[in-house]
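Structural overview for review
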Amino acid sequence: MTAIPSGPVCTVRTVSSGPLPRVVASVPSGPYPTVVASVPSGPHPTVLTSVPSGPYPTVVTSIPSDPYPTVTTAPSGFQPSVTTVLPGAIPLAKPTLPDPPIVIIPWGGTTTAGVTLANTCPLDNWLMIVQVLLRLGKLDLDRFGQAGLIIKTALSLIDQHLCADSKLSVLPFTPVINRNVIDLYGNEADYLLRHLQPFLESKVTTYCSESSCPSPTNTYVTCSTVLGIPSDTSDVFGNSLADWLHPKPTACGRKFQQKPASGVSFQQDVTLDANGNTFVSWHCAGQRTSTPRVMTNCQNIAIFSVDLLSTAGKLHINNLPPKITVQGKTFYLQAATLWNGNHYIGIFCDALGCWYLYDGLKVGINSGIQILQGHPPGYLLSYTVYCT
């Protein structure tokens, strides 16, 4: 629970500032209604919530003057009505107040050219995440080359409330327009993440224990950051990351072009085709060891696909590590995306270290942003985002 400074009661006002919602870091003057959800008696902090007054509410929040508030334990007998810190292992992040405020991006939309976008959630969450990270000073887009320029353009359009145009601007391919509709149904990796691939690139070199191996040394370069299920799941994310950074020895299995000579260690494999014909192949029986994985162009952000871990029921929000170490650098958890088989949503940490749930489909029903109250039912973690 973040302590609220003494003084006048903090208020949350709902105002309309245009066709799209946005979060404003100061309360504007004007005859806007103040909604107070609960005002406990005594010197306890007041918890306030906004109530939408129209289809596109603006969420206005007052922020304490101290950008690094103290986290304290609630006094005995005090029962806060809202949990503002993600439960479990995730602590408050080191905050920096955002300026200017963030714009909450709605699902879908229509471009200025009149083209309708549908099923944009694989992209919406990432535009929200990079917007929040930039406002918090976690991203230096000048270090990301062409990808940084593309993201800058997209965020500039978002600041102008041209969210649909922003989505269109980051597509890494020419979209198909069918009856004036662009359907972006697909995977998260198909869109903004594709621009960031060069900064997720890593390299591993493997060596076989057998000198007669047909491929004794191999170097692999990949942009994949998929974390697999580790043998020890007591710390599922940490152990999976360790296996990814320091691959364990594996059977070689490299294929010989012909049957090896006598004295060469190999394994024979016999297969049958659909017609019952027999095929024999020979594979190296050595063990392969790997060098530690090297992130060849790592910036201050680390993104990992955790779909395998969450699908297996091993990973949830409350057992995500608050920080990790990659190549001697400490990275802190800042955001994540989740999916339920049909729809993607996202979570992120704000300037005060509070965690929020974003759902673009709910913009217009509510603000699209709400305080995170634990792992969203029915959703699985998809990607995690860590920053230095």
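The structure presented is a predicted model; accordingly, all values stated were derived computationally and were not measured.

This part is about the side chain of Asp350. Along the chain, the position of Asp350 falls in the loop between β18 (344-349) and β19 (355-358). A distance of 3.3 Å separates polar atoms of two side chains, one belonging to Asp350 and the other to Tyr356. In this view, Asp350 contacts Leu136 and Tyr356; residues no more than four positions away in its chain are not counted.

For the chain, per-residue confidence averages 80 on the pLDDT scale, and 74% of positions sit at 70 or higher. For the stretch residues 1-99, pLDDT sits under 50, and the model shows 180 contacts to residues farther than four places along the chain or on other chains.

Here we take up the sheet that holds strand β6 (residues 181-183). Each strand in a sheet pairs with its neighbour through backbone hydrogen bonds, running either in the same direction (parallel) or in the opposite one (antiparallel). Across the sheet, 3 strands lie side by side as β4-β5-β6; this open sheet has mixed pairing. Of all the strands in the sheet, just β4 (109-110) and β6 have a single pairing partner and so form its edges. Bridge count for strand β5 (residues 116-118) against β6 is 3 bridges, and the pairing is parallel. Its bridge partner being in β6, Leu117 is matched across the sheet by Ile182.

On to empty space enclosed by the protein. Per the counting criterion, the structure on display carries 1 cavity of 30 Å³ or more. Here the largest cavity is characterised by a volume of approximately 40 Å³. What lines the largest cavity is simply Val130, Leu139, Leu141, Phe144, Ile151, Leu196 and Ile301. For the lining of the largest cavity, the class distribution of residues is 7 nonpolar, no polar and no charged.

Our next topic: a nonpolar patch on the surface. Judged by side-chain polarity, Val226, Ile229 and Leu308 come together as a nonpolar surface patch covering roughly 250 Å² of accessible area. As for its placement among the helices and strands, Ile229 is situated in the loop between β8 (217-222) and α5 (236-245). For Ile229, a relative accessible area of 48% translates into the label partly exposed.

Pairing between side chains of opposite charge can happen when the charged atoms of each approach one another. For the structure shown, the criterion picks out 5 salt bridges. Of the charged contacts, one joins Lys152 and Asp142 as a salt bridge, the two residues approaching to 2.4 Å between their closest N and O atoms. One end of the pair, Lys152, is in helix α2 (residues 145-159); the other, Asp142, is in the loop between α1 (121-135) and α2, with 10 residues separating them in the sequence. Exposure remark for Lys152: the relative accessible area of 37% places this residue in the partly exposed category.

The rules behind the values
Counting starts from 1 at the beginning of each chain's written sequence and moves along it residue by residue. Owing to the predicted nature of the model, reporting of local features is limited to residues with pLDDT of at least 70; listing and counting of side-chain atom pairs is limited to 80 or more, with chain, interface and lining totals taken over all residues. Hydrogens and waters are ignored; side-chain quantities use all the structure's heavy atoms. Segments assigned H or I by DSSP are reported as helices when at least four residues long, segments assigned E as strands when at least two residues long, and all are numbered from the N terminus. Pairing of N or O atoms within 3.5 Å defines a polar contact, subject to two protein rules: one partner must be a possible hydrogen donor and the other a possible acceptor, and residues neighboring in sequence count only if both atoms are side-chain atoms. Residue contacts follow a heavy-atom distance rule, with two residues in contact if any of their heavy atoms lie within 4.5 Å. Summary of the metric used: pLDDT quantifies the predictor's per-residue confidence within the range 0 to 100. Paired strands are those between which DSSP finds at least two bridges. Cavities and pockets are defined on a 1 Å grid built over the protein atoms alone: a cavity is a set of grid points where a 1.4 Å probe fits but cannot escape, while a pocket is an open set with protein on both sides within 12 Å along at least five of seven lines, and lining residues are those with an atom within 4 Å of any such point. Grid points are joined across faces, edges and corners, and a volume is the space filled by probe spheres set on the points. The residue classification treats Ala, Val, Leu, Ile, Met, Phe, Trp, Tyr, Cys and Pro as nonpolar and Asp, Glu, Lys and Arg as charged. All others, Gly included, are polar. Each patch is built from residues that are more than 30% exposed by relative accessible area and take part in no salt bridge. Like charges join if they lie within 9 Å; nonpolar side chains (Val, Leu, Ile, Met, Phe, Trp, Tyr) join within 5 Å. Note on areas: Shrake-Rupley, 1.4 Å probe, and residue coverage restricted to the protein chains presented here. In the sections that follow, a salt bridge refers to a side-chain nitrogen of Lys or Arg positioned within 4 Å of a carboxyl oxygen of Asp or Glu. Exposure is judged per residue with a 1.4 Å probe applied to protein chains only, and the accessible area is read against the type maximum: over 50% gives exposed, under 20% gives buried, and values in between give partly exposed.

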